[in-house]
Amino acid sequence: MNKTIFEQIADREIPANIVYEDETVLAFMDAFPLSKGHTLVIPKRPIENIYDLDEETGAQVMSAVTKVSKALRAAFNPKGLNVVQNNGSYASQSVFHLHFHIIPRYDDEYDGFNYKWDPVSEPGSDDERRELEGRIKSELESLDE
Ligand code: DGP
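Here is what the cut-offs are and how they apply
Residues numbered from 1 in each chain as written. Predicted model: local features only at pLDDT ≥ 70, side-chain atom pairs only at ≥ 80, totals over all residues. Heavy atoms only, no water. Helix = DSSP H or I, 4+ residues; strand = E, 2+ residues; numbered from the N terminus. Rg over C-alpha atoms; globule rule 2.2 N^0.38 Å. Buried < 20%, exposed > 50% of the residue type's maximum accessible area, 1.4 Å probe, protein only. Contact = heavy atoms within 4.5 Å. Areas by Shrake-Rupley, 256 points an atom, 1.4 Å probe, with all protein chains shown as cover. Lys, Arg positive; Asp, Glu negative; His and termini not counted. Charge placed at Lys NZ, Arg CZ, Asp CG, Glu CD. Salt bridge = Lys/Arg side-chain N within 4 Å of Asp/Glu carboxyl O. Phe/Tyr/Trp six-rings, centres within 6.5 Å; stacked < 30°, edge-to-face > 60°. Lys NZ or Arg CZ within 6 Å of the ring centre and 35° of its normal. Pairing = 2+ DSSP bridges. 1 Å grid on protein atoms, 1.4 Å probe; cavity = no way out; pocket = protein on both sides within 12 Å on 5 of 7 lines; lining within 4 Å. Points joined across faces, edges and corners; volume = space filled by probe spheres on them.

Per an unreviewed UniProt entry, the protein is named Histidine triad (HIT) family protein, and its organism is Lacicoccus alkaliphilus DSM 16010.

In structure tokens form, the structure reads like this:
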């Protein structure tokens, strides 16, 4: 079977702004961000969706989701933060490799009731993305201290 784009990122076959990695999990910035700092957390193994997720991997992924969420809060001081995970095309899954979206939310994206689900943030230049990547990584390192 063909590798998904996320498996190719995990195998370092295509580039991404990687902010966190351990034996089981990888976190990298979304290429079509819904907001500044939008980050994805995946198991490195090709697991398609929540139904295929085993408990041990799930615990490791969730531990990384927690760390990255705290790092995003520290880096960007958002007003709120969504953790979203889609299963199947009817639920808006477009990449069939399990991933958790971590989406910081800011004042200017709030319409008084709902947050927007369209990309509202430009991906930015390579330099800008590297700058955000650096800020997230440095907050992740501080969490370990
Ligand atoms: P979903 O709709 O839940 O399957 O979300 C897939 C996300 O993946 C979407 O927010 C855009 C992001 N994405 C798609 N292709 C790439 C890519 O090549 N690199 C990165 N970093 N993100 C991607």
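Asks: Can you tell me about the overall build of the protein, naming the residues and giving the values?
Replies: When you go through the protein residue by residue, the secondary structure sums to three helices and five strands. Tracing the protein from N to C terminus, the helices and strands come up as α-β-β-β-α-β-β-α. Its C-alpha atoms give the protein a radius of gyration of 15 Å, near enough to 15 Å, the size a compact globule of 145 residues would have. Within the protein, the proportion of its 145 residues that are buried is 43%. The contacts of the protein with a sequence gap of at least 6 include a subset with a gap of at least 24, amounting to 60%. For the protein, the exposed area adds up to about 8,400 Å²; of that, 48% sits on carbon and sulfur atoms. A distance of 3 Å separates the average location of the 15 positive side-chain charges in the protein from that of its 27 negative side-chain charges.

Asks: With reference to specific residues and values, describe the pattern of salt bridges.
Replies: Any two side chains of opposite charge can pair, given that their charged atoms come close. Taken as a whole, this structure holds eight salt bridges when the rule is applied. The residue Asp11 makes a salt bridge to Lys3 at a minimum N-O spacing of 2.6 Å. Between Asp127 and Arg130 there is a salt bridge whose closest N-O contact spans 3.1 Å. Here Arg130 and Asp127 lie together in helix α3 (residues 126-144), a separation of three residues that amounts to about one turn. One connected set of salt bridges, linked through shared partners, spans Lys3, Asp11 and Glu13.

Asks: Go over the packing of aromatic side chains, please, and point to the residues and values.
Replies: In total, this model carries one aromatic pair according to the counting rule given. On the numbers, 5.3 Å between centres and 70° between planes, the contact of Phe6 with Phe28 is edge-to-face. Highlighted residues: Phe6 in helix α1 (residues 5-10) and Phe28 in strand β2 (residues 25-29), separated in sequence by 22 residues. Of the two residues, Phe6 and Phe28, neither departs from the other in class, the shared state being buried. Over the ring of Tyr106 we find Lys36; its NZ or CZ atom is 5.4 Å from the centre of that ring.

Asks: Requested: an account of the pairing of β2, with residues and values cited.
Replies: Most of β2 is tucked away: five of the five residues are buried. Burial along β2 is two-sided: the residues Val25, Ala27 and Met29 and Leu26 and Phe28 are all buried. If you look at the hairpin formed by strand β1 (residues 18-21) and β2, you'll find three residues sitting between the two strands.

Asks: So what's going on with the layout of surface pockets? Residues and values would help.
Replies: When its volume is computed, the largest pocket comes out at roughly 570 Å³. Around the largest pocket, the lining is made up of 26 residues, and of these Phe6, Asp30, Phe32, Leu40 and His101 lie nearest the centre. Those elements giving two or more residues to the lining of the largest pocket turn out to be α1, β2 and β5 (100-105). Here the lining of the largest pocket takes three residues from α1, the largest share from any one element.

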